[in-house]
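# Fold and geometry: a report
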Amino acid sequence: MDSMWVKILAAVVMLAWIIYLWPRAKYWMKNSPAPKEGDWRAALLPLGAVVLFVMLLIMMVR
Amino acid sequence: MNRLDYSVMRPIEGAVSGNKLIKNTYLLLSASLIWSALMAVVSVAMAPPPGIAMLTSLVALGLLWLVLPRTANSPAGLWVVFGVTGLLGFGLGPMLTYYAALSNGPQIIATAFGGTGIIFLGLSGYALTTRRDFSFMGGFIFAGMLVMMIASVALIFLNIPALQLAIAAGVMLLMSGYILFQTSAMVNGGETNYIVATVGLYLAILNIFTSLLQLLGAFSGDD
C-alpha cells in the first residue's frame, strides 16, 4: 500500500514537471523557425557522435 | 564634432555582451555543479530514504516555477540557482548509493560522470565554434520532452525495463539537443539572462548524467 502512495507521489511530481514545461513547449512548437538547408545535418552530426560515444562507454563497463 | 559611427560598433557591443553572458553562465554553471556534487556526497553519507529524491525534486520545481521568474533579473536569482541545484544534487543520493552497491558500481558512476562532462563540453564547444543557430530544434526538443515525461508517468505504474531504457536513451538525446539549442541561443542573442541559461544547462547535464547512469547500469550486466 505504501509503495502505491510512493508511485502516486512520483506521478504527481512528474505531472507537475509536465505542467511546468507545457507553456514553453507550446511556445516553441508554434514559434520555432523553419530549418535552413544543412541545419538538421549540422545538428545530427554531434548527436550521432553522442550516440557512438555512449556505445563506447557501454562497451567499457561491460 | 565627434562623429563616431556607432552602427559599426553595435555588432562589437553585441559580441562583447554575448561573450559576457557565456562567461557568466559557465562560471555560475561550474559553481552550481560543484555545489550540487557536494550535496550529492552529503546525501550519500546521510543515506536518506528513497522518497527524498521526489521531495527535493518537488521543492526544486516550486523554486523554478514560483521564485525564479521573480528573481532571475536580480542577485537573489543566484540563491535560487544554488537552492535548486543543491536540492537536486541532494536528491541524487539514493540513486548513487544504489549504483555504488553494484559490483562495478564505482566504475559505472565514474564513467557516467566523466562521460557527461565530455558530452557537455563537446556539444557546447561545437555550438560555440560553429555559431550556428539551433533555434529550429526548439519545438522538436520540447515536444520530445513532454512525450518522455508522459512515458515516464506510464513507466511508474507499468514497470517495463525496456521502456525505461528507451526513455533514458531518448532523454539523453533530447538533452544533448537542448545543450546545442541553449548554447546557440546564448551565442545568437536568443537568451540574455545567465541565471536562466545556467538553470537550463544544469538540468540538461543532470538528466544526461542520470540517463547515462541508467544505461551503463543496465548494460553492465549487473543492474
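How each quantity is defined
- Residues numbered from 1 in each chain as written.
- Chains lettered and ligands numbered in written order.
- Predicted model: local features only at pLDDT ≥ 70, side-chain atom pairs only at ≥ 80, totals over all residues.
- Heavy atoms only, no water.
- Salt bridge = Lys/Arg side-chain N within 4 Å of Asp/Glu carboxyl O.
- Helix = DSSP H or I, 4+ residues; strand = E, 2+ residues; numbered from the N terminus.
- Buried < 20%, exposed > 50% of the residue type's maximum accessible area, 1.4 Å probe, protein only.
- Contact = heavy atoms within 4.5 Å.
- Buried area = accessible area lost by both parts, 1.4 Å probe.
- Polar contact = N/O pair within 3.5 Å; in protein donor to acceptor, adjacent residues only side chain to side chain.
- Phe/Tyr/Trp six-rings, centres within 6.5 Å; stacked < 30°, edge-to-face > 60°.

## Remarks on the pattern of salt bridges
For the structure on display, the rule yields 1 salt bridge over all chains. Residue B:Arg132 pairs with A:Asp39 through a salt bridge whose shortest N-O separation is 2.7 Å. Here A:Asp39 lies in helix H2 (residues 39–61) and B:Arg132 lies in the loop between helix H5 (105–130) and helix H6 (138–158), a pairing that spans two chains. Take A:Asp39: its relative accessible area is 6%, and that puts it in the buried class.

## With respect to the interface of chain A and chain B
In this assembly, 43 residues from chain A lie in contact with 44 residues from chain B. Roughly 4100 Å² is buried in total at the junction of chain A and chain B, and carbon and sulfur atoms are behind 84% of that figure. Its largest share of buried area at the contact with chain B, chain A owes to A:Trp17, A:Tyr20 and A:Val61, together 17% of the area lost on that side. For the pair chain A and chain B, the number of links is 1 salt bridge. Summed over the shared surface of chain A and chain B, the number is 7 residue pairs in polar contact (both at pLDDT 80 or more). Ranked by residues supplied to the side of chain A that touches chain B, first place goes to helix H1 (residues 2–31) of chain A with 21 residues.

## Digging into the packing of aromatic side chains
Centre-to-centre distance and the angle between the planes together describe a pair of aromatic rings. For the coordinates displayed, the defined rule picks out 14 aromatic pairs over all chains. Aromatic pair A:Trp40 and B:Phe140: ring centres 5.6 Å apart, planes at 85°, arrangement edge-to-face. Placement of A:Trp40 in helix H2 and of B:Phe140 in helix H6 is noted, with the two residues assigned to different chains. For A:Trp40, a relative accessible area of 33% gives the class partly exposed. Between B:Phe142 and B:Phe181, the ring centres sit 6.1 Å apart and the planes meet at 80°, which makes this aromatic pair edge-to-face. Of this pair, B:Phe142 sits in helix H6 while B:Phe181 sits in helix H7 (residues 161–188), and the two are 39 residues apart along the sequence.

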